[in-house]
Amino acid sequence: MKKYFQFEELGTNYRREFIGGLTTFLAMAYILVVNPITLSLMDIPDLPDSMRMDYGAVFVATAVAAAIGSLLMGVLARYPIALAPGMGLNAFFAYTVVLTMGIPWQHALGGVLISGIIFIFLSLSGLREKIINSIPAELKYAVSAGIGLFITFVGAQSAGLIVNNDAVLVGLGDFTDGNVLLAIFGIIITVILMTKGVNGGIFIGMVLTTIVGMIAGLIDVPGKVVDSVPSVAPTFGAAFGAYSDPSFFSTSMLVVVLTFLFVDFFDTAGTLVGVANQAGLMKENKLPRAGKALLADSTATVVGAIFGTSTTTSFIESSSGVAAGARTGFASIVTAGFFLLSLFFFPLLEVITSAVTAPALIIVGVLMVASLGNIDWTKFEIAVPAFLTIIAMPLTYSIATGIAIGFIFYPITMIVKGRIKEIHPIIYGLFVIFVLYFIFLK
C-alpha cells in the first residue's frame, strides 16, 4: 500500500495521512447537517410535505455520496481530496429549482443524475477540458462569488437575521429573539476559530453553538448518541421515476441540468488545481491523473443522485488536510471511513437547527467571494457581465438566473468592445440557450 500511494516519494506516512484525513473530515463535516436541512427546506415554514425531501434519507445519501466519492478519489486518482454534496449547488437545488421554479425534487434529482452521466462522458472523452477552457475566467470567478453571496443571504434569512420588510423588501430581524442571538453567537465564535486558523473551525463552531443552544433551551437535547441508520427509501431511486413524467423534458429542466453541470465543472477544476498545488503534486503546471480525478467526481454525483442528494463535488476544505500533512489518496480513504462512521450518529445531528447552520453558510460564503479579487474590474466589458452575474443571484434568489444574465451580457459587451475574436463559439451557444431560458421559463 505504501508503494501504491508513493509514501516514500511524497515524504509521508500512515500517521500523517490519518491525521490529514481526519482533519479534512472535521473541516467538511458540517455538510452532514447543512445539506439535509437545505434539501428538506426545513427553514421554510408552511410548505406542503410533497416539496420536502426526507431529512433522514438525505442525511444518509449525503454521507454515502461523500464516502464513495472520497474513496474513489483516494483509490483511483490517489489525491488527498475529499468529496461531498456541494454548497451552492444544494442551495440551487432547493431554493431555485424546487422552491422558486416549482419543479418537483424528484425531477431535480433526475437532472443531477443526467448532469453526472454527462460529466462522466466528458471526463472520459476529454471534452470537459475544452468546454472549461471556452468559458472566460472572469465569469468562472463571478459564478463562484455570486453563489457565495447567495448562500450567505440564504443563511442569514433562515436564521432570522434578515427578514421581510414591505417597505424596502428586506430588513434586520429581531435581535432580541433567542434563535437570532444564538446565530449571532455562532457567527462570532466561528469567525474567531477561522481567524485563528483552527482546523475544522466551521464544524467546531457548529458544535459549540449547538451546546450553547441546548443550555439556553433553544435546541432539544438528543435522547441518544448512537442509533440505527435512517432509511434511505424515501429518496433512493426517485431520480429514475422523474423520466416517466413528460413535464420533465422542458426548457427549464435543460437550464437546470446545464447549471448543475456548469457549476460542478468549475468547482471541481478549481479545487483539484488549488489543493494539488498546495500539496506540491502539480507537474509542469499540469495535474497528473486528472482524468481519474474527474471520473471519481462525476461517478460520485451519479451515486449521490441515485441515493437522493444534490451534486457531489470536490471540497476545497481538503486543503486543511493537506496543511495537516496529507499528501496521498490514503487520506481520502480515511475521510471516507469517517463519513461512513457518521451514519450511526444521526441522533446527534437531527437536533441541529437553522440557527446553528446559518454561521456555516455565511462563512462558506465569505470563502467563496474571495474569487472577486481575480476579476479585472478596470475593463468595463468584463466588469458588467461579471457584476450582473454576482448581484443577480441573491437579488433574484436564483443561481441559474445570475448565470444566465452573465452569459447573455458577456458576448454583447465583448462584441461592442471589438473583442469578438476572443469569444469562443460555445459562448454563442450558451447565449442562445439562456435567452430561450428567459423566454420560455414562465
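Rules used in this analysis
- Residues numbered from 1 in each chain as written.
- Predicted model: local features only at pLDDT ≥ 70, side-chain atom pairs only at ≥ 80, totals over all residues.
- Heavy atoms only, no water.
- UniProt positions renumbered as here; feature names shortened; annotations may be inferred.
- 1 Å grid on protein atoms, 1.4 Å probe; cavity = no way out; pocket = protein on both sides within 12 Å on 5 of 7 lines; lining within 4 Å.
- Points joined across faces, edges and corners; volume = space filled by probe spheres on them.
- Helix = DSSP H or I, 4+ residues; strand = E, 2+ residues; numbered from the N terminus.
- Nonpolar A, V, L, I, M, F, W, Y, C, P; charged D, E, K, R; others polar.
- Phe/Tyr/Trp six-rings, centres within 6.5 Å; stacked < 30°, edge-to-face > 60°.
- Buried < 20%, exposed > 50% of the residue type's maximum accessible area, 1.4 Å probe, protein only.
- Lys NZ or Arg CZ within 6 Å of the ring centre and 35° of its normal.
- Expected span 1.5 Å × (residues − 1).
- Pairing = 2+ DSSP bridges.
- Salt bridge = Lys/Arg side-chain N within 4 Å of Asp/Glu carboxyl O.

An unreviewed UniProt entry lists the protein chain under the name Guanine permease, from Cytobacillus oceanisediminis. In its Sequence similarities (unreviewed entry) section, the UniProt record describing the protein chain reads: "Belongs to the nucleobase:cation symporter-2 (NCS2) (TC 2.A.40) family. Azg-like subfamily." Listed under Subcellular location (unreviewed entry) in UniProt, the entry text for the protein chain is "Cell membrane".

Chemist: Any details on empty space enclosed by the protein? Residues and values, ideally.
Modeler: Here the structure, examined in full by the defined rule, presents 2 cavities of 30 Å³ or more. Surrounding the largest cavity, Val-34, Ile-37, Thr-38, Asp-43, Tyr-95, Ser-158, Ser-354, Thr-357 and Leu-361 form its lining. Within the residue set of the lining of the largest cavity, elements represented by two or more residues are α3 (31-39) and α17 (354-368). Of the residues assigned to the lining of the largest cavity, the class counts are 4 nonpolar, 4 polar and 1 charged. By volume, the second largest cavity is sized at about 30 Å³.

Chemist: Please set out the packing of aromatic side chains residue by residue, giving values where relevant.
Modeler: Counted according to the given criterion, the structure contains 17 aromatic pairs. Pairing Phe-93 with Phe-260 gives two aromatic rings, centres 6.3 Å apart and planes at 40°, and the pair type is tilted. Here the residue Phe-93 occupies a position in helix α5 (residues 89-100), and Phe-260 occupies one in helix α12 (residues 251-279), the gap between them amounting to 167 residues. The class for Phe-260 is buried, based on a relative accessible area of 0%. Three or more aromatic residues link up through ring pairs in this structure, and these residues are Tyr-4, Phe-5, Phe-7, Tyr-14 and Phe-330. Over the ring of Tyr-4 we find Arg-78, and its NZ or CZ is 5.1 Å from the ring centre.

Chemist: If you had to explain helix α6 (residues 105-125) to someone new, which residues and values would you point to?
Modeler: The end-to-end C-alpha distance of α6 is 30 Å, a good match for the 30 Å that 21 residues give at a rise of 1.5 Å each. Immediately beyond the C-terminal end of α6, within one or two residues, lies Gly-126, with a positive phi of roughly 90°.

Chemist: Give me the pairing of strand β3 (residues 169-172): which residues, what numbers.
Modeler: Pairing of strand β2 (residues 162-165) with β3 involves 4 bridges; the strand directions are antiparallel. Looking at the pairing, Val-163 lines up with Gly-171 of β3. Here β2 folds back onto β3, and the loop between the two strands holds 3 residues.

Chemist: Can you explain the pattern of salt bridges? Please cite residues and give values.
Modeler: The final tally for this structure, using the stated rule, is 4 salt bridges. The shortest N-O distance in the salt bridge between Asp-376 and Lys-379 comes to 3.8 Å. When its relative accessible area of 27% is taken as the criterion, Asp-376 is described as partly exposed. Arg-419 is the partner of Glu-422 in a salt bridge, and the nearest nitrogen-oxygen pair spans 2.8 Å. Of the residues examined, Glu-422 reaches a relative accessible area of 49% and is grouped as partly exposed. Relative accessible area serves as the criterion here: at 18%, Arg-419 is assigned to the buried category. Taken together, the salt bridges that share partners define one network made up of Glu-381, Arg-419 and Glu-422.

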